[in-house]
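What the coordinates show
Each chain, written out:
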Amino acid sequence: MTEKDFQVLKQRMLAELEGLDPHLTYHSKAHTIDVIEQCINIGKREGIEGHDMMLLKMAALFHDTGFLRTYLNHEAMGCNIFTEKTAAFHFSANDNKVVKELIMATRLPQAPVNHLQSIICDADLDYLGRDDFFTIGDNLRTEFLHFKIVPDSEAWEKMQLNFLKTHHYHTRSSQQLREPVKQQHYAELVGEM
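To keep things clear, this report deals only with the structure shown in the data block.

Description of the side chain of E46
Along the chain, E46 turns up in the loop between α2 (29–45) and α3 (50–62). Among buried Asp, Glu, Lys and Arg side chains, E46 stands out as unpaired, with R45 the closest opposite charge at 6.3 Å. Of note is the side chain of E46, whose polar atom sits 3.5 Å from the backbone nitrogen of R172. Excluding residues within four positions of it along the chain, E46 makes contact with H115, I119, T171, R172 and S173.

Focus on the pattern of salt bridges
Scanning the model with the defined rule gives 13 salt bridges in all. Where E84 meets R69, a salt bridge forms, and the shortest distance between an N and an O atom there is 2.8 Å. With E84 in helix α4 (residues 74–86) and R69 in the loop between α3 and α4, this pair connects stretches of sequence that are 15 residues apart. Its salt-bridge partner being E75, residue R107 comes within 3.6 Å of it at the nearest N-O pair. With R107 in the loop between α5 (93–105) and α6 (115–124) and E75 in helix α4, the pair connects residues that are 32 residues apart, well separated along the chain. Several salt bridges share partner residues, and in doing so they unite D34, D126, R130, D132 and R178 into one network.

As for the state of the cysteines
Working definition: the covalent bond between the sulfur atoms of two cysteines is a disulfide. Evaluation of the coordinates by the stated rule reveals zero disulfides. Unpaired in this structure, C79 has its nearest cysteine sulfur neighbour in C121, at a distance of 13 Å. Judged by relative accessible area, which is 7%, C79 ranks as buried. With no disulfide partner, C121 has as its closest neighbouring cysteine sulfur the one in C39, 9.3 Å distant. Residue classification places C121 among the buried residues on the basis of a relative accessible area of 0%.

A look at helix α8 (residues 153–166)
Between its first and last C-alpha atoms α8 spans 20 Å; for 14 residues at 1.5 Å apiece the expected length is 20 Å, and the two agree. Contact partners of the buried residues in α8: α7 (133–146) and α10 (179–192). Of the residues flanking the start of α8, the one acting as N-cap is D152, its side-chain oxygen 3.2 Å from the backbone nitrogen of E154.

A look at a negative patch on the surface
Together, D152, E157, E188 and E192 line one region of the surface with negative charge. Position of E188 relative to the elements: it lies in helix α10.

Remarks on the environment of L56
Along the chain, the position of L56 falls in helix α3. Along the sequence, L56 and L189 sit 133 residues apart, while their C-alpha atoms lie 32 Å from each other.

Regarding the environment of H23
In this fold, H23 is placed in the loop between α1 (3–17) and α2. For the pair formed by H23 and L145, sequence separation is 122 residues and the distance between their alpha carbons is 9.8 Å. Once residues lying within four places of it in the same chain are set aside, the contact partners of H23 are E143, H146 and F147. Within polar-contact distance, the side chain of H23 engages the side chain of H146 at 3.4 Å.

Here we look at the packing of α4 against α5
Interhelical geometry of α4 versus α5 gives an angle of 150 degrees and a closest axis separation of 9 Å. As judged from the angle between their axes, α4 and α5 are roughly antiparallel. When the axes of α4 and α5 are compared, the crossing they make is right-handed. For the pair α4 and α5, contact is made by E75, A76, G78, C79, F82 and T83 and by N96, V99, K100, I103 and M104, respectively. A per-class count over the contact of α4 with α5 returns six nonpolar, three polar and two charged.

Cut-offs and rules
Residues numbered from 1 in each chain as written. Predicted model: local features only at pLDDT ≥ 70, side-chain atom pairs only at ≥ 80, totals over all residues. Heavy atoms only, no water. Helix = DSSP H or I, 4+ residues; strand = E, 2+ residues; numbered from the N terminus. Buried < 20%, exposed > 50% of the residue type's maximum accessible area, 1.4 Å probe, protein only. Lys, Arg positive; Asp, Glu negative; His and termini not counted. Salt bridge = Lys/Arg side-chain N within 4 Å of Asp/Glu carboxyl O. Polar contact = N/O pair within 3.5 Å; in protein donor to acceptor, adjacent residues only side chain to side chain. Contact = heavy atoms within 4.5 Å. Disulfide = S-S within 2.5 Å. Expected span 1.5 Å × (residues − 1). Patch = residues over 30% accessible without salt bridge, like charges linked within 9 Å, V, L, I, M, F, W, Y side chains within 5 Å. Areas by Shrake-Rupley, 256 points an atom, 1.4 Å probe, with all protein chains shown as cover. Charge placed at Lys NZ, Arg CZ, Asp CG, Glu CD. Axes fitted to C-alpha atoms, helices over the stretch in contact; angles between N-to-C directions. Parallel < 35°, antiparallel > 145°, perpendicular 65-115°, else oblique. Left-handed = near helix turned anticlockwise from the far one by under 90°. Nonpolar A, V, L, I, M, F, W, Y, C, P; charged D, E, K, R; others polar.

Below is the structure:
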């Protein structure tokens, strides 16, 4: 798998993600692009390069493609889509396994078991410790209300507070860069309750 191959796949998959349900206001093409970018950023800070970086980017590209076919268990479906869409690229059995494990690591609650999984988990929830947290969080609230993950905004606020309280970043760089901002967001939300 070369960078050129990745770019070809990225272009194809991002075009397919245009077909996502418009009510997926959080799990969108923009989120996938963000997770790829954050995998690169966190990966660089964590000393990842070369082939491992390619595997990270590939997993980030496919981690939410399962939403094209299902809401529940979308990670497993994303693994299936990854297998389908990359068959012509001759991934090794080990690379195939690694990418699928990276995709599955993004399932909540996160429980990464190695460095690359820690990076994709932190990339997937990077926004919790960023300035665009409230905008992105509102997109997730809208999606959860539509798909009846939560019954109302009050239930959403409780879920969001609990999630922020129990979430922790896994990589040292995200702990340093994002955790302090995430804690500010948590304090602000507690103050509003």
